[in-house]
Amino acid sequence: MSDPAQQLDQLTDELVVDNDVMVPMRDGIRLRTDIFRPSGPGPYPVLVQRYPYTPHDGIMAMFGKMLARQGYAVLVQSCRGRYGSEGDFYPFHPDVDDSYDTVEWAAVQPWSNGRVGMYGMSYSGYTQWTAAIARPPHLVAIAPFTCTWNWDESTWYFAPGVLQLGLAVSWSALMSTQEAERRGMPAPVPQFAASEKLMSTGGLGDLSKFSEMARLEVEGTRTLLDRRPLRDVEELRELAPWFRDWCDQDDARAPYWRRISAADHVQDIDLPVFHLAGWYDFFAKGGIDAYTTLTNQGATRRTREGQRLVIGPWNHNSAQVRPDADPSTGALVDFGPDAPVMRFFSHHLKGELPDYADEPRVRLYVMGDNVWREENEWPLARTEWTSYYLRGADSLRSLSPQPPGEEQADVFVYDPNDPVPGPVRLGATYGDAVDLDAVAHRPDVLVYTTPPLADELEVTGPVTLELWASSSVADTDFTAKLVDVFPDGTAVPVCQGIVRTGHGVTQPRTLGAAYRYEISLWSTSTVFQAGHRIRLDVSSSEYPTYEPNPNTGERITHASDAKTVTATQHVFHDALHPSRLVLPVVPR
């Protein structure tokens, strides 16, 4: 990583920079905005980024100047209630109107040609989807990176009813730090205050500072996780009131979520969209789903044909997770003139690249082979959906292409007080990866493995586990993780999923009865090399990645005490209950 301050100095020539411009919203609130544009008279197409994080590290200004030097007027705006913007911060809901108002303000400035696009990752991606819901007339195209567009999965809730616990707690604690400073209050979680200070002094551009930020945030998060009820944790109650709302709103169909869910407004979205995702990002599924839905169901031909998808090998922090990763792959954020996203904006905002519509719509990174590949659709039309059945027992458990006959069910006991360990955030965003070899030796983890592969096997697309299982309790969880086992025994996570058995059911589950659960493990593009083994881990928890199920019918977010119940879980794999892993195999 290079020093953003030095790069800023190199990018300032021949630009007009207006800092701390206060842009008015419809309710009179003004939002602090930095504007970067070429020094000529223009007018220019406009790019807008809206985000709630510190502007003091210089990174977003560096990107803004890079874009301005390519002939765009660029607005980098702090969200309502953040870093000099007026009003009170609350995630996402105010961004519907604020994104609309910012786009329309930018469109009528004397240096603007009225064609406005939006860009940015994570929260900045969400603000683009809220703009798409609001439909400002001058918004021409958006480029959301590493974010989702819906709220029932691949967001604060990983799957219906299951909170991404570590993510929701750590993000809320991080956001509470600046809010405490704005109100003149002590920081509620000192570790996050220390991390915020490092971030403001270039922490995202300095590996040693970034590592310390990760350590501090993991430590700070873990101080909050054991509180009950979790929704009422004192450090977040006043400064991050949305955390309580998220805990209460576990139904994505509720008006609270539908108001800000672009997935619920498909017929209202008439925009080309450049989607960028990472295989190990904790928002990956929603970003990929947005591409497929708008490509297949978009309201207009312009929308259906205007979708582009890039999926790389990164986690949310643009880091690669695999030990065989190629360091020359490139960064998640690339605003160079020939970068895919800049070609997208050149075509839609500048009217350049007349043959752009004929170019491949999907660009994905194939891990294991470590190559980029262009495709024309997602999932791939040539996919061979291949079943690997759960077979055997104890040390002889296996994944086999042969369906089972008469076999005994596998049994394990899930104790919520001793959950399977996992990283705070999916994709080991904090660098806190878990030893999967140690996990495999736990009695509450069922491990199914193929023999060493004679030939390489490419798995590219959505992965699903059809699991037949029963439980001694009415409401519990089942988890699944696909693992690539190297010849030396190194176990590398590929993708994973979870189901909460009692969520959304109208009739209680019958204790001990076998039910079929379809668990989405999201998607991947991985080549399992010859000599490697494909492994599937089945259990009932991963803490604190997921909110653990106490097996009592309550959630830890609302339970007033730490009461839990152990559950005896049966996983069936016989002729009547053929549990199977369905892999999207791509012929080589």
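Look up a bit, the structure's there.
**Q** Requested: an account of the pairing of strand β11 (residues 362–366), with residues and values cited.
**A** Of all five residues making up β11, four are buried, and the element is well covered by its neighbours. The pairing of strand β10 (residues 307–315) with β11 spans three bridges and is parallel. Directly across from I311, in β11, lies its bridge partner L364. Once the chain exits β10 it traverses helix α13 (residues 340–350) before rejoining the sheet at β11, and the crossover so formed is left-handed.

**Q** Would you mind going over helix α2 (residues 59–68) in detail, with residue names and values included?
**A** Because the α-helix completes a turn every 3.6 residues, residues three or four places apart line up on one side. Among the ten residues of α2, nine are classified as buried, and the element is accordingly described as predominantly covered. Turning to α2, its buried residues number three or more, namely I59, M60, A61, M62, F63, G64, K65, L67 and A68.

**Q** So, the packing of aromatic side chains: which residues are in play, and what are the values?
**A** Under the defined criterion, the tally for this structure stands at 37 aromatic pairs. Between the aromatic rings of F63 and F335, the centroid separation amounts to 5.3 Å while the plane-to-plane angle is 75°, which identifies the pairing as edge-to-face. Here the residue F63 occupies a position in helix α2, and F335 occupies one in the loop between β10 and α13, the gap between them amounting to 272 residues. Since its relative accessible area comes to 4%, F335 is described here as buried. Their ring planes at 20° and their centres at 5.2 Å tell us that W151 and W257 sit as a pair that is stacked.

**Q** I'd like a description of the side chain of T526, backed by residues and values.
**A** Topologically, T526 is positioned in strand β20 (residues 515–528). Polar contacts involving the side chain of T526 include one to the side chain of T524, which spans 2.8 Å.

**Q** Can you explain the packing of helix α6 (residues 190–200) against helix α7 (residues 207–222)? Please cite residues and give values.
**A** Running from amino to carboxyl end, α6 crosses α7 at an angle of 160°, the nearest separation of the two axes being 8 Å. Regarding the angle of α6 to α7, the classification is roughly antiparallel. Viewed along their axes, α6 and α7 form a crossing whose handedness is left-handed. Seen from α6, the contacting residues are Q191, F192, A194, S195, L198 and M199; seen from α7, they are K209, E212, M213, L216, E217, E219, G220 and T221. In the contact of α6 with α7, the residues fall into six nonpolar, four polar and four charged.

**Q** Give me the lowdown on the sheet that holds strand β4 (residues 73–78), citing residues and values where you can.
**A** Reading across from one edge, β1-β2-β4-β3-β5-β6-β9-β10-β11-β12 is the order of the ten strands in this open sheet, with mixed pairing throughout. Each edge of the open sheet is held by one strand with a lone partner, namely β1 (15–24) and β12 (371–375). On average, each strand axis in the sheet is tilted by 20° relative to the strand beside it, whichever way the strands run. Sheet topology places strand β6 (residues 139–145) next to strand β9 (residues 273–280); two bridges connect them, and they run parallel. Each bridged residue has a counterpart across the sheet, and for I142 the counterpart in β9 is V273. Running at roughly 40° to strand β2 (residues 30–38), α2 makes contact with β1, β2, β3 (44–51), β4 and β5 (112–121) of the sheet.

About the cut-offs
- Residues numbered from 1 in each chain as written.
- Predicted model: local features only at pLDDT ≥ 70, side-chain atom pairs only at ≥ 80, totals over all residues.
- Heavy atoms only, no water.
- Buried < 20%, exposed > 50% of the residue type's maximum accessible area, 1.4 Å probe, protein only.
- Helix = DSSP H or I, 4+ residues; strand = E, 2+ residues; numbered from the N terminus.
- Pairing = 2+ DSSP bridges.
- Right-handed = clockwise from strand over helix to strand, strands pointing away.
- Phe/Tyr/Trp six-rings, centres within 6.5 Å; stacked < 30°, edge-to-face > 60°.
- Polar contact = N/O pair within 3.5 Å; in protein donor to acceptor, adjacent residues only side chain to side chain.
- Axes fitted to C-alpha atoms, helices over the stretch in contact; angles between N-to-C directions.
- Parallel < 35°, antiparallel > 145°, perpendicular 65-115°, else oblique.
- Left-handed = near helix turned anticlockwise from the far one by under 90°.
- Contact = heavy atoms within 4.5 Å.
- Nonpolar A, V, L, I, M, F, W, Y, C, P; charged D, E, K, R; others polar.

So yeah, pure geometry; function would need other evidence.
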